[in-house]
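Listed below are the residues making up each chain.
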Amino acid sequence: MIIEFLGTSAACPTHYRNTSAISVKPLDNKQWILVDCGEGTQHQLLKSKLSAFHLDVVFLTHLHGDHWFGLPGLLSSRSLMGATSKLTVVGPKGFTEPLQNFLKVSKCYPEYPLDFVEFDPQMQNLGTFLGIKVQRVSLDHDLFCSAFSFQYEEVPVNFLNDKATSDGIPDGKCKAILKSGEDLELGGKLFLSKDYVERLDRSQRVIICGDNRTPECLIDFISPCDLLIHESTHVSEYLKVDGPGQYHCSAERIATFAAKHNVPNLCLTHFSPKYQSKGQNSMNLIEDESKKFYNGNLIIADDYLRIQIDKNRHLSQI
Ligand SMILES: [Zn+2]
């Protein structure tokens, strides 16, 4: 899948960063998934390789404005573009009524089927979208907030057809038996399935988190994880001054958690606007603090950053 960041700023947009929005797209599909939709996301899309026309489903982590104020405009523009395919919006309990009211008072009636699905804190499995299984877990924030995991349901299997043929195994039923995981007895000889089937140990899984003060909320959710995308709104110094009323995470806190749980790739986003200028409060503070506690592959997200995870779970920036 390909992950693209459409907004990486916390609370307000800045000159270089828009508010939260992240896309998830299968490698072999034009259709895609959006996680959060800060104000101006539709404008960000115009500068990306994505089109609202092919948007299939939107997931909302929570209802703070910087995570969903862009949604009514995006829904409206998608209709004006002539899109006719169904769009599903999945979000926390309570989002449907205000969104429907917003559309109604604006006399905005999208021409395509629009499906709203609400979840509550007890729901873990949200369904399968574009072949990707989506699950959620609750986070620690001052509004009901979620992390989502995106995982291909099928474990990829590679059948070593040439080897089977050269070992005298005929096409058809005999090969199908080996491919299904069963051993095969043929001509008094036993052929072991494991000698002909390469199974990847698991399929790729990406976790995208909403705002979260306490990374330990993810303990039962984190494994397996190829890529963890988490907010780092501040550095720890700021949280020490501001105290426990801050419902956001520091670079130290999430980096320590990722190191402890052997997360191979950690991507930080949702940066306070105060770190985005040059000088004392530069983004280097976030990066330097993270590197003190985490030795894995650290990525500091920028708007339009694209990360590809291929079928062998190899990760690259494209
Ligand atoms: Zn929030």
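The model shown is predicted, which means the values in this text are computed figures rather than measured ones.

K.L.:
For this particular structure, what's the right way to read the overall build of the protein chain?
P.N.:
Scanning the protein chain for helices and strands turns up eight helices and 19 strands. Taking the principal axes of its C-alpha atoms as reference, the protein chain extends roughly 75 × 50 × 35 Å. Taking all 318 residues of the protein chain together, 38% fall into the buried category. In the protein chain, once contacts between residues fewer than 6 apart in sequence are set aside, the share between residues at least 24 apart is 64%.

K.L.:
I keep staring at the sheet that holds strand β16 (residues 265-269) and nothing clicks. Help me out?
P.N.:
The strands making up a sheet associate through backbone hydrogen bonding, with each pair oriented either parallel or antiparallel. Spatially, the seven strands line up as an open sheet ordered β7-β8-β9-β14-β15-β16-β17, and their pairing is mixed. Single-partner strands in this sheet number two, and they are β7 (125-129) and β17 (297-300). On average, each strand axis in the sheet is inclined to that of its neighbour by 20°, with strand direction left out of account. Relative to strand β8 (residues 132-138), β7 runs antiparallel, the two sharing four bridges. Within β8, the residue paired with Gly 127 across the bridge is Val 134. Sheet strands in contact with helix α8 (residues 284-293) are β16 and β17, and its direction is about 165° off that of β17.

K.L.:
Would you explain the sheet that holds strand β6 (residues 114-119) in this entry?
P.N.:
Taken together, the eight strands give an open sheet; going across it, the order is β6-β5-β4-β3-β2-β1-β18-β19, and neighbouring strands pair in mixed fashion. Here the strands that pair on one side only, and so sit at the sheet edges, are β6 and β19 (315-317). Within the sheet, the average angular offset between the axes of one strand and its neighbour, ignoring direction, is 20°. Pairing analysis gives five bridges linking strand β1 (residues 2-7) to strand β2 (residues 21-25), with the strands arranged antiparallel. Along β2, the bridge assignment pairs Glu 4 with Ser 23.

K.L.:
Explain unusual backbone geometry here, please?
P.N.:
Phi is mostly negative for residues that are not glycine, and the peptide bonds are mostly trans. The residue after Ser 223, namely Pro 224, is reached through a cis peptide bond having omega -5°. Here Pro 224 is to be found in the loop between β14 (205-209) and β15 (227-231). The backbone of Leu 130 sits at a positive phi, close to 55°, despite the residue not being glycine. Relative to the elements of secondary structure, Leu 130 occurs in the loop between β7 and β8. In this structure Leu 130 comes out as partly exposed when scored by C-beta crowding, with 19 C-beta atoms within 10 Å. In this structure, Tyr 304 is a non-glycine residue whose phi angle is positive, near 75°. Along the chain, the position of Tyr 304 falls in the loop between β17 and β18 (306-309).

K.L.:
Would you take a moment to explain the nonpolar core for this structure?
P.N.:
Most often, soluble globular proteins keep nonpolar side chains buried together rather than apart. In terms of nonpolar packing, the biggest core is built from 66 residues, with Val 206 and Ile 208 touching the most fellow members. The contact partners of Val 206, leaving out residues within four places of it in the chain, are Met 1, Ile 3, Val 24, Phe 150, Asp 226, Leu 227 and Ile 309. Grouped together as the second largest cluster of nonpolar side chains are five residues, Ala 164, Leu 178, Phe 191 and Tyr 196 included.

K.L.:
Looking at this structure, how should I read the environment of Phe 116?
P.N.:
Among the secondary structure elements, Phe 116 is positioned in strand β6. On a C-alpha basis, the gap between Phe 116 and Phe 95 in space is 8.8 Å, while along the polypeptide they are 21 residues apart. Apart from residues no more than four positions distant in its own chain, Phe 116 is found in contact with Val 89 and Thr 96.

How each quantity is defined
Residues numbered from 1 in each chain as written. Predicted model: local features only at pLDDT ≥ 70, side-chain atom pairs only at ≥ 80, totals over all residues. Helix = DSSP H or I, 4+ residues; strand = E, 2+ residues; numbered from the N terminus. Buried ≥ 20, exposed ≤ 12 C-beta atoms within 10 Å, placed from the backbone. Contact = placed C-beta atoms within 7 Å. Pairing = 2+ DSSP bridges. Axes fitted to C-alpha atoms, helices over the stretch in contact; angles between N-to-C directions. Core = buried A, V, L, I, M, F, W, Y, C linked by C-beta atoms within 7 Å.

Read these as layout, nothing more, since geometry by itself doesn't imply function.
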